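# A closer look at the structure
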Amino acid sequence: MWATDESGAAAIFATQLDDFLGGGPVQFRELQNNESITFLGYFKSGIKYQSGGVASGFQHVVTNDMSVRRLLHIKGRRAIRATEVPLSWQSFNQGDCFIVDLGKDIYQWCGGECNRYERLKAAQVAIDALGPKPSLTPGTPDDDKVDSSNKKKGALYMISDVTGSMKTSVVAQSSPFLQAMLSADECYILDNGVDRNVFVWKGPKANTTERKAAMSAAVKFIKDKGYSAKTQVQVLPAGGETTLFKQFFSDWKDKDQTMGPSKAYTIGRIAKVEQVPFDASTLHSNSAMAAQHGMVDDGSGKVQIWRVEDGARVAVEPSTYGQFYGGDCYLILYSYRPGGREQHIIYTWQGLKCTKDELAASAFLTVKLDDSMGGSPVQVRVTQGQEPPHLMSLFQGKPMIIHSGGTSRKGGQTAAGGKRLFQLRQSSSRATRAVEVEPLASNLNTNDVFVLKTPDATLVWRGLGASDEEMAGAKHVAAVLGGGTTDVTEGKEPASFWSALGGKKDYQTSKSLQNAVKAPRLFGCSNKTGRLIVEEVPGDFNQSDLATDDVMLLDTWDQVFLWVGNDANTVEKTGAPKIAKEYVDSDPSGRRGLPIATVKQGAEPPIFTGWFQAWDAKMWDSDALAKLF
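Figured I'd write up the structure that's included with this text.

Basis of the calculations
Residues numbered from 1 in each chain as written. Predicted model: local features only at pLDDT ≥ 70, side-chain atom pairs only at ≥ 80, totals over all residues. Heavy atoms only, no water. Helix = DSSP H or I, 4+ residues; strand = E, 2+ residues; numbered from the N terminus. Expected span 1.5 Å × (residues − 1). Bend = angle between axes of the 7 residues up to and from the residue. Buried < 20%, exposed > 50% of the residue type's maximum accessible area, 1.4 Å probe, protein only. Contact = heavy atoms within 4.5 Å. Polar contact = N/O pair within 3.5 Å; in protein donor to acceptor, adjacent residues only side chain to side chain. Pairing = 2+ DSSP bridges. Phe/Tyr/Trp six-rings, centres within 6.5 Å; stacked < 30°, edge-to-face > 60°. Lys NZ or Arg CZ within 6 Å of the ring centre and 35° of its normal. Right-handed = clockwise from strand over helix to strand, strands pointing away. Arc of directions from axis to C-beta. Salt bridge = Lys/Arg side-chain N within 4 Å of Asp/Glu carboxyl O.

### Examining helix 13 (residues 570-585)
The end-to-end C-alpha separation of helix 13 is 24 Å, in line with the 22 Å expected for 16 residues at 1.5 Å each. Helix geometry: helix 13 is bent most strongly at A576, by close to 30°, with proline P577 lying one to four residues after it. Those residues of helix 13 not exposed but buried are E572, G575, A576, I579, A580, Y583 and V584. Of the surrounding elements, those touching the buried residues of helix 13 are strand 24 (521-526), strand 25 (533-536), strand 26 (551-555), strand 27 (560-564) and strand 28 (596-600). Looking at where helix 13 begins, the residue whose side-chain oxygen comes 3.2 Å from the main-chain nitrogen of V571 is N569.

Have a look at this one:
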């Protein structure tokens, strides 16, 4: 926990940094245990709270202490948090997972009431290091959720200092609002306190005093309203409005919003600042853009890649950099010099079809490499299919190619199939990923480019919503696969194309996906705690975020899908449709009467799978939990 003086200093520094950057950044006030979905989305593997603080003149901190003894309490199904608690049996309960860190040895322990999805998030390991185990208390539920009928209601206030002190006046008592209510000459507070959110919108022509006092005005507003101290605050400049803010307006239009086919929205980016396009040349001077796209630089630094083989690091041939196999694990060391000082990132890439021994070895080798560099590198664990934009950018204009299986080991390659299909999609940072999918027509997507390799030909299929950059990346993939290429345009496919894919079938051709300007959002509906609650999946989501023991809600703006996992219980199956209807009816943007489609695990149609890159129809054929043991 922070001290009051540190909290005040942080607010001052945030204001100074905002001024330095011209008032353009979006500001978030985050509180421990109550972080926003946007913040949590940057840490897909979860966040860890440690006791104490950073080293300073007042406090000595020992790093990499191998004699440490501590206990981390793992909590959450979508947003994973690890909090340091006393190393005692009194800290344990039957409903959660725990990590026991004994320095050289680390144990993971799961309570008897944990379900399959939680055990998958924290692989169960039996421990006996704490002495005889007494009886344990039942699991405690997560924080109560605000009643859904009030969850997304808002009120709009104008901020003014004409009287010599900051005052607020009501503009509209309840949402949805009209965009015209926001004047460029003023600052406003959008009150969503019932959901612990308060937004401050800064008009571009508002006076300097009002703009600088935005955060303090929000904090005072929260106090005056008697809202929880855990209420989150977002300060937004005009043109930098987040999706969560814009949803309160029924007629919101962005300045550069167009009609007709366009690039699909980057899947899962809940609070993307749409007015900040990616420009690699300004990464170091535009912090808002760098954070938005998850980019520390343009990827032009030094890259070294090793493959995990027999418990050791084996250097990968540089000419094959950018190709990754699902049967392998890799260590990627990236070195760069921001401001002249060398810094490092270690990406640990783990294939979906690698062995358990390789998974363990990759983690061990990462720590060993980090130790050899004095503990200075940033470590990023990456699971196949969840590569961050910066990792994809390391290959300098060439797409990152991900083979579904096999290995790059010398003499150990698995024979490739007679037909192979690669899907290419560009990220918000303009880096392209090529992912191998099953060669079936149902896996095509009108928004992407696909490379089909057969024994007789290499075909490059371009969907109507695909970009020129994706097409250029496809040419590189085709060259790697070998053979001459033939371009195929969607709607003009020869019969041989469909024949190679097992016959023509329905695939994702949704115009709504082509024209998407709102970020799709994924929620999990679960009654694990004894009551039915809904949690949003933070950050980029993919197929592995669909919990088979839950009902999931996918909001694609003009349609809502309910995905029913095979292991979902009766309460979840019967309660989720009601939640979906309340979710739509309570939307502050005024959406009403949207179609709500229910799909079953294993029988997903293309209009659903198209929102997930590289959908694997065979994922449900095996037990993901069993792979960890």
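### What about the pairing of strand 15 (residues 329-336)?
Within a regular strand, the side chains alternate between the two sheet faces. Among the 8 residues of strand 15, 8 are classified as buried, and the element is accordingly described as predominantly covered. The loop that links strand 15 with its antiparallel partner strand 16 (residues 343-350) comprises 6 residues; one of these, G339, has a positive phi angle of about 65°.

### Describing the packing of aromatic side chains
One pass over the structure, following the stated rule, counts 27 aromatic pairs. Centroid distance F608 to F612: 5.3 Å. Interplanar angle 40°. Geometry classified as tilted. Summarising the burial analysis for this pair, F608 and F612 share the class buried. Clustering of aromatic rings is evident, with ring pairs tying together F541, F561, W563, F608, F612, W615 and W620. A cation sits over an aromatic face here: R313 above W306, 4.6 Å from the ring centre.

### What about the pairing of strand 22 (residues 458-462)?
Among the 5 residues of strand 22, 4 are classified as buried, and the element is accordingly described as predominantly covered. Sheet analysis places strand 21 (residues 449-453) next to strand 22, joined by 5 bridges and oriented antiparallel. In the strand pairing of strand 22, L452 is matched with L459. Once strand 21 ends, the chain turns through 4 residues before running back antiparallel as strand 22. Across 5 bridges, strand 22 lies against strand 23 (residues 485-489) in parallel orientation. Across the sheet, the residue bridging to W461 is V488, located in strand 23. Taken together, strand 22, helix 10 (residues 468-481) and strand 23 constitute a β-α-β crossover, and its handedness is right-handed.

### Things to note about helix 5 (residues 214-225)
The end-to-end C-alpha separation of helix 5 is 16 Å, in line with the 16 Å expected for 12 residues at 1.5 Å each. Taken together, the buried positions of helix 5 are A214, M215, A217, A218, F221 and I222. The buried residues of helix 5 all sit within an arc of 160° when viewed along its axis, so they share a single face. Residues of helix 5 that are exposed and angled more than 90 degrees away from the buried face: K223 and D224. Positioned one or two residues after helix 5, G226 has a phi angle of 75°, which is positive.

### A short note on the pattern of salt bridges
The tally for this structure, following the rule as stated, stands at 9 salt bridges. Note that R70 and D101 form a salt bridge whose closest N and O atoms lie 2.9 Å from each other. Of this pair, R70 sits in strand 3 (residues 70-75) while D101 sits in strand 5 (residues 97-101), and the two are 31 residues apart along the sequence. Its relative accessible area of 9% is what places D101 among the buried residues. Residues R462 and D468 are paired through a salt bridge, measuring 2.8 Å at the closest nitrogen-oxygen approach.

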